[in-house]
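Residues per chain, in single letters:
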Amino acid sequence: MGSGLSMAARAEITAKYARQYARASQKDKGRLLDEVVAVTGWSRDNARRQLRAAAKPRPARPRRRRRPRKYSYDALKVLQRVWAFSGYECGKYLAAAMPTLLDSLERHGELVAGKRLFSS
């Protein structure tokens, strides 16, 4: 079925032939396709598609800026503890139950300033 080439090897071969394929005449394109098919084991249609795609320049993606933290590290630890006590509810249900959970945890001494949140 296919040749024993790795994906990286096929990509390298495709990149090498893509530059030639883009500038070749119709007759030479057929010859280049034959060579790529023989080396990679791809069908002619797939080889043509791969060569065209490799010849197109890829636009550079802009880097995404990270969103600033919404909660401090200490607040996150408290939220994780409350979330664990709630049975790992989803955000919608956790937000609705938060006042009750916080009151209950404070009343039972689970949320006290200076107390370790998670015991090891």
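Scroll up to find the structure.
Each value, and the rule that gives it
- Residues numbered from 1 in each chain as written.
- Predicted model: local features only at pLDDT ≥ 70, side-chain atom pairs only at ≥ 80, totals over all residues.
- Heavy atoms only, no water.
- 1 Å grid on protein atoms, 1.4 Å probe; cavity = no way out; pocket = protein on both sides within 12 Å on 5 of 7 lines; lining within 4 Å.
- Points joined across faces, edges and corners; volume = space filled by probe spheres on them.
- Helix = DSSP H or I, 4+ residues; strand = E, 2+ residues; numbered from the N terminus.
- Nonpolar A, V, L, I, M, F, W, Y, C, P; charged D, E, K, R; others polar.
- Axes fitted to C-alpha atoms, helices over the stretch in contact; angles between N-to-C directions.
- Parallel < 35°, antiparallel > 145°, perpendicular 65-115°, else oblique.
- Contact = heavy atoms within 4.5 Å.
- Expected span 1.5 Å × (residues − 1).

### Some points on the layout of surface pockets
Right, so step 1: Volume-wise, the largest pocket comes out at about 160 Å³.
Right, so step 2: Lining the largest pocket, in full, are M7, R10, A11, T14, A15, W42, Q50, A53, A54 and R58.
Right, so step 3: For the lining of the largest pocket, the secondary structure elements donating two or more residues are helix 1 (7-23) and helix 3 (44-55).
Right, so step 4: Counting residues per element, the lining of the largest pocket draws most heavily on helix 1, which supplies five residues.
Right, so step 5: Each residue belonging to the lining of the largest pocket can be placed in one class, and the counts come to six nonpolar, two polar and two charged.

### Side note on the packing of helix 1 against helix 2 (residues 26-40)
Right, so step 1: Where helix 1 contacts helix 2, the two axes come as close as 11 Å, and the packing angle between them is 175°. As the angle between them shows, helix 1 and helix 2 are arranged roughly antiparallel. Along the contact surface, helix 1 presents R10, I13, Y17, Q20 and Y21, while helix 2 presents K29, L32, L33, E35, V36, V39 and T40.
Right, so step 2: Looking at the contact of helix 1 with helix 2 residue by residue, the classes come out as seven nonpolar, two polar and three charged.

### Things to note about the packing of helix 4 (residues 73-85) against helix 5 (residues 91-107)
Right, so step 1: Two elements in contact, helix 4 and helix 5, have axes separated by 10 Å at closest approach and are oriented at 95°. One finds that helix 4 runs roughly perpendicular with respect to helix 5. Of the residues in helix 5, those in contact with L79, V82, W83 and F85 of helix 4 are L94, M98, L101, L102 and L105.
Right, so step 2: Across the contact of helix 4 with helix 5, the residue classes break down as nine nonpolar, no polar and no charged.

### With respect to helix 4
Right, so step 1: Across its 13 residues, helix 4 extends 19 Å between first and last C-alpha, which sits within 8% of the 18 Å expected from 1.5 Å per residue.
Right, so step 2: A positive phi of about 85° marks G87, the residue just after helix 4.

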